Amino acid sequence: MIKRLVLGEAGIGVALVVLAGFFVIAAPNFATEQNLRNIMTQITLNTVLAVGMTFVILVGGIDLSVGSAMALCAVVSGTMMAGSHSAVTLLGAILVSVLVGGVVGWINGFVSEQWRVPSFIVTLAMLNVARGAAERYTDAATIYNLPAALNDFGTLTLLGVPAVFWVALLLAGIGWFVLSRTVFGRLIYATGNNEEAVRLSGHKTSRIKIAAFMIAGLTVGIAAVLYMARLNIASPILGQGYELNAIAAVVIGGASLMGGRGSMAGTFLGACLLGVLTNGLLLMGVSDFERQIITGLVILVAVVLDAYRLRLARKLAVTQPAKEPVPATVAS
Amino acid sequence: MNKKIVAVAGLALALTACGKEGGTTAEPAAAPKPGEKPGVCLVMKSLANEFFQQMQKGAEEHAAKRGDLTLSVVGIQNETDIDNQVAAVEKCVTQQAKAIVIAPADSRALVAPLKRAVDAGVKVVNIDVQLEEGAMKAAGIGDKVPFVGPDNREGAKQSGMELVKAVGKDAEVVILEGNPGAANAAQRKAGFEDAIKEGGLKLVDSKTAHWETNEAHTVFSNMLTAHPNIKGVLAGNDNMALGALKAIDEQGKKGQIKVASFDNIPAIAQYVKDGSVVATLDQYGAQQAANGIDYAMKMVGGENFSGWQKTEIKLITKDNLG
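Keep in mind the model is a prediction, meaning the values are calculated, not measured.

Asker: What should I look at first to understand helix 8 (residues 213-226) of chain B in this one?
Answerer: A turn of α-helix holds 3.6 residues, and therefore any two residues three or four places apart point the same way. Taking 1.5 Å of rise per residue, 14 residues should cover 20 Å, and helix 8 of chain B covers 20 Å from first to last C-alpha, within 8% of that figure. Sitting at the head of helix 8 of chain B, E212 of chain B places a side-chain oxygen 3.3 Å from the backbone nitrogen of N214 of chain B.

Shown next as structure tokens:
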């Protein structure tokens, strides 16, 4: 099974290498150190959001509220730290951002589980509530004058890699460890695959699912801080459509929206693929509209290829009498 | 949610109608008596946008200062919520407002309901985005609805000419555009292009960043990678300029690349001061609705306006920064 997973990720990896190879030839200045750094900065936010989204999608949920929630985290935290030179305030504001994200995630998970409402609807509602709250909180004004220390962190590079991207890498690493090396991670997969079985084996699946939403919320809070560090502003209208990019990264990474299948490595590669695509197309001077079309097509191709791969995997596993067409065992 | 907004709007209108001075409560929304303050309906776009928030605030203050009208403000959920804006216009007519001041969500879709308003004897003033001339003529209200607003193209040109002064002839520049399809985005782009042509700059790329800081950061970083010799940026609004400035900073080109911008939001001031933004343009957005109200009141008083009534714009540079 693990082999098959690796095979899946290898597929995305190959796609990424091919795409990058194409841009090296076709896009001017693509293969420069500065551009690599640009790509890393540009995929940071989506990577962080996609890490959290992976947990939610693995348990069979979806979180449409991440973009709006990110704006809410940013304006609450940004208002707190604006104009301040105190390190304590800065750290406090960062914590507040993560906390607000966590609370939003908890509400998403709790409401979905308590009243058995599809998370699609709950987080769609939250998308509106959080956006409205962010706008209400600031009267729709952009917050600026954020602490210089945060700004410095946003432009800092360590070993040639932007500091904000180190944070994204760290989070992806933690996510990978949790999913593949801990009991909790196994339970996440198991819940997505067969919730009933997990429940019958004595685990509270609602707790596991709520935890997944909270993890997504925490990553949203962190993404909000990274946004402020990079751009030195906090705006209540930031993050529109980010949820879709995060979902796209997870899906390109081979996850199933039915839950139970997917991986952190796949998600990370998915985010890289999207980032490299946008970057390369911009460098090639492809027009805005065409870029949108191509990005959409790439997402489509990725999921179609994935469906083929799955079918192949199922054929290989034909020794087992597969009554259920759902790929319930592929990831476990 | 949209329903909620309409409900709230309707409630606000109802309250305004009840709150008219001297009116007895027994006469719900009856035709205003002579000497009564005329009702003016301000139909806005998304109130979630800082720009429109300020506009609304400006209008309310202005109406309070004038004291000779009853203002009611109706907003919509987002800038493309055309249906609800049409409903808002119809509500204003039903509530027998004397005049409607409108920032249309769509330059064509709103023409038909506004014609019904004009036919019902309501004076209509167009602000923010200009209604399409052809559609207005076809509806027969081409000479009845004035557009009161700034010249975005001229403003962008003025801002762009400051960039010309700063970077000199033949310098490579790029444009960061607003939303594709938005009239003001197109006009600002045209104004920037006017400046580029007149100043002999070299335009190497022009892309949209959807008015947004993070996207501008991404788009401009990549432009800079593709064209390392860029010397200037023409940003359709200050939010995008902020994203470009951050990218310039990150790539260690602070001071080498200049930015011309538009809007004059508070966050841009520090960059105008330190010279990285050579100019931005104040089109007195907060005053636009107030200006519209003035015209509406003149029309209620019997005057007639049509065509474009240009409002004040002001180039903001280091020298005149407040």
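Asker: What is the right way to read the interface of chain A and chain B from this model?
Answerer: Across the boundary between the two partners, chain A contributes 37 residues, which contact 30 residues of chain B. Summing both sides of the interface, chain A and chain B together bury roughly 2,700 Å²; the carbon and sulfur share of this comes to 52%. Three residues stand out in chain A for area buried against chain B, namely Y144, L231 and L282 of chain A, and they jointly supply 18% of the buried area on that side. In this structure, the connection of chain A to chain B is made through zero salt bridges. Summed over the shared surface of chain A and chain B, the number is 16 residue pairs in polar contact (both at pLDDT 80 or more). Of all elements in the fold, only helix 2 (33-58), helix 5 (119-138), helix 6 (148-155), helix 10 (205-231), helix 12 (264-284) and helix 13 (288-316) of chain A reach the threshold of two or more residues within the side of chain A that touches chain B. It is helix 2 of chain A that contributes the most residues to the side of chain A that touches chain B, six residues altogether. Here the side of chain A that touches chain B is composed, by residue class, of 16 nonpolar, 17 polar and four charged.

Asker: Just checking my understanding: could you explain the sheet that holds strand 1 (residues 39-43) of chain B for this structure?
Answerer: Whenever strands of a sheet pair, they do so through backbone hydrogen bonds, lying parallel or antiparallel. All names here are of chain B. Across the sheet, six strands lie side by side as 2-1-3-4-5-11; this open sheet has parallel pairing. One side of each edge strand has no neighbouring strand; the edge strands of this open sheet are strand 2 (70-74) and strand 11 (308-310). On average, each strand axis in the sheet is tilted by 20° relative to the strand beside it, whichever way the strands run. Across two bridges, the pairing between strand 4 (residues 123-127) and strand 5 (residues 147-149) is parallel. By the bridge assignment, I127 is partnered in strand 5 with V148. Along the sheet, helix 3 (residues 82-94) makes contact with strand 1, strand 2 and strand 3 (99-102), crossing strand 3 at roughly 160°.

Asker: Even after reading the chapter, I still don't get the packing of aromatic side chains, so can you show me in this structure?
Answerer: For any two aromatic rings, the description comes down to two numbers: the centre-to-centre distance and the angle of the planes. Inspection of the entire model under this criterion finds seven aromatic pairs over all chains. When the centroid spacing of 6.0 Å and the interplanar angle of 85° are considered together, the rings of F110 of chain A and W115 of chain A count as edge-to-face. Residue class for W115 of chain A comes out exposed when judged on its relative accessible area of 58%. Here K298 of chain B stacks its cationic end above the ring of Y295 of chain B, 4.9 Å away from the centre of that ring.

How each quantity is defined
Throughout, residues of each chain are indexed from 1 in the direction in which the sequence is written. All chains are assigned letters beginning with A, and all ligands numbers beginning with 1, in the order in which they are written. Predicted model: local features are reported for residues with pLDDT of at least 70 only, side-chain atom pairs are reported and counted for 80 or more only, and whole-chain, interface and lining totals are derived from all residues. Remark: hydrogens and water are excluded; side-chain values derive from all non-hydrogen atoms of the structure. Where helices and strands are cited, they refer to DSSP runs of H or I of at least four residues and of E of at least two residues respectively, numbered from the N terminus. One less than the number of residues in a helix, times 1.5 Å, gives the span that helix is expected to have. Distance and chemistry together define a polar contact, namely a pair of N or O atoms within 3.5 Å, with one atom able to donate a hydrogen and the other to accept it when in protein, and with adjacent residues in sequence counting only for side-chain atoms on both sides. Contacts are assigned to residue pairs with any non-hydrogen atoms lying within 4.5 Å of each other. What gets called buried area is simply the loss in accessible area from a 1.4 Å probe that two parts show on being joined, summed for both. Think of a salt bridge as a Lys or Arg side-chain nitrogen and an Asp or Glu carboxyl oxygen that are within 4 Å of each other. Residues are grouped as follows: nonpolar covers Ala, Val, Leu, Ile, Met, Phe, Trp, Tyr, Cys and Pro; charged covers Asp, Glu, Lys and Arg; every other residue, Gly included, is treated as polar. Each pair of strands is called paired provided DSSP finds at least two bridges between the two strands. Note on geometry: axes are C-alpha line fits, over the in-contact stretch for helices, and angles between N-to-C directions span 0 to 180 degrees. Stacked, tilted and edge-to-face pairs are distinguished by plane angle, under 30 degrees for stacked and over 60 for edge-to-face with tilted covering the rest, among Phe, Tyr and Trp rings (Trp via its six-membered ring) whose centres lie within 6.5 Å. Burial status follows relative accessibility: with a 1.4 Å probe on protein chains alone, a residue under 20% of its type maximum counts as buried, one over 50% as exposed, and anything between as partly exposed. Here, over-ring charges are defined by two tests on the NZ atom of lysine or the CZ atom of arginine: distance to the ring centre within 6 Å, and angle to the ring normal within 35 degrees.

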